Amino acid sequence: MEFRLECRASRNSRACLCLACPRMDVLSQSKWCPSSSVYHSKLQEKDILVLLLDLNIDILINNAGRSQRSLFLDTNLDVYEAIMHLNFLGTISLTQCVLPYMIKQEKGQIVTVSSLAGLVGAPVSTGYASSKHALQGFFNSLRPELANYPEIIISTVCPGLVHSNIVKNAFTEEINKTVSENSAQTYKMSTTRCVQLMLVGMANELKEMWISGQPLLLYVYLWQYAPTLAWLIANKMSVKRVKNLKSGLDADVSYFGDVKNKAA
């Protein structure tokens, strides 16, 4: 039985996740299935709103995921499993549920929020970067599979550093351990600006969008067009990121020199 999940805010509820399905019994049983990404999240029963709904789907925006702040050698394997289950498998399972409706309509748009970490290396975020690289590979492969449906648009959004709680809620070396570092926000793009640029890209049906300020955007271009130079820069940045992580500072500050850390 196919079911649909709509991750959206509800005006009449404090629910963090809304699930919609033509058959309520199937959806209620499925949401806590061990294979479900919801099962591996921090959501409680009160955080989930289940709705009986059956409408045409014009746009799907995949915007789920958690970051990571830990060194590979210190990180338990179950952390990597949880990251891939949520960031990658959760996204493609939802896409697999929605895509048949769009094929039936012969139109629609699937927008997936990936990350610049899906295009470049991200030391102390090896699992997160791996999950975003997986998303890039998946949707870049799915897009040509749908060549016979030119009105079904596959778009990936690759934001850089955006003002949010992503660091605060990141995975660490242990599955239930929280991040101890303070996340500096002053140098990050505002959420409003990021969403504005994302909507412009969606309206123009762009296949891929890089959304970031400098110098991070230049760094990504170097990875694409001058990889040897990018590797040299990456090695230097990695030393700073690891040092910041061990000092309890925001690892991302390493891209911007000396920035005062302020709690998010």
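Up top is the structure these notes are about.
Glancing now at the pairing of strand β4 (residues 59-62). Residues L60 and N62 line the buried face of β4, whereas the alternating positions I59 and I61 sit on a face that is not buried. Direction of pairing for β4 relative to strand β5 (residues 108-113): parallel, over a ladder of four bridges. Across the sheet, the residue bridging to I61 is V111, located in β5. In this view, the connection linking β4 to its parallel neighbour β5 by way of helix α2 (residues 77-105) has right-handed handedness.

Moving on to the packing of aromatic side chains. One pair of aromatic rings is described through two measures. These are the centre distance and the angle between the planes. Tallied over the entire structure, the rule returns seven aromatic pairs. Between F88 and F138, the ring centres sit 6.3 Å apart and the planes meet at 85 degrees, which makes this aromatic pair edge-to-face. Here F138 lies in helix α3 (residues 126-145) and F88 lies in helix α2, a separation of 50 residues in the sequence. Since its relative accessible area comes to 16%, F88 is described here as buried. The exposure class assigned to F138 is partly exposed, which follows from its relative accessible area of 26%. With a centroid separation of 4.9 Å and an interplanar angle of 55 degrees, the aromatic rings of W223 and W231 are classed as tilted.

Rules used in this analysis
Residues numbered from 1 in each chain as written. Predicted model: local features only at pLDDT ≥ 70, side-chain atom pairs only at ≥ 80, totals over all residues. Heavy atoms only, no water. Buried < 20%, exposed > 50% of the residue type's maximum accessible area, 1.4 Å probe, protein only. Helix = DSSP H or I, 4+ residues; strand = E, 2+ residues; numbered from the N terminus. Pairing = 2+ DSSP bridges. Right-handed = clockwise from strand over helix to strand, strands pointing away. Phe/Tyr/Trp six-rings, centres within 6.5 Å; stacked < 30°, edge-to-face > 60°.

Scope: geometric values only; no functional claims are made or implied.
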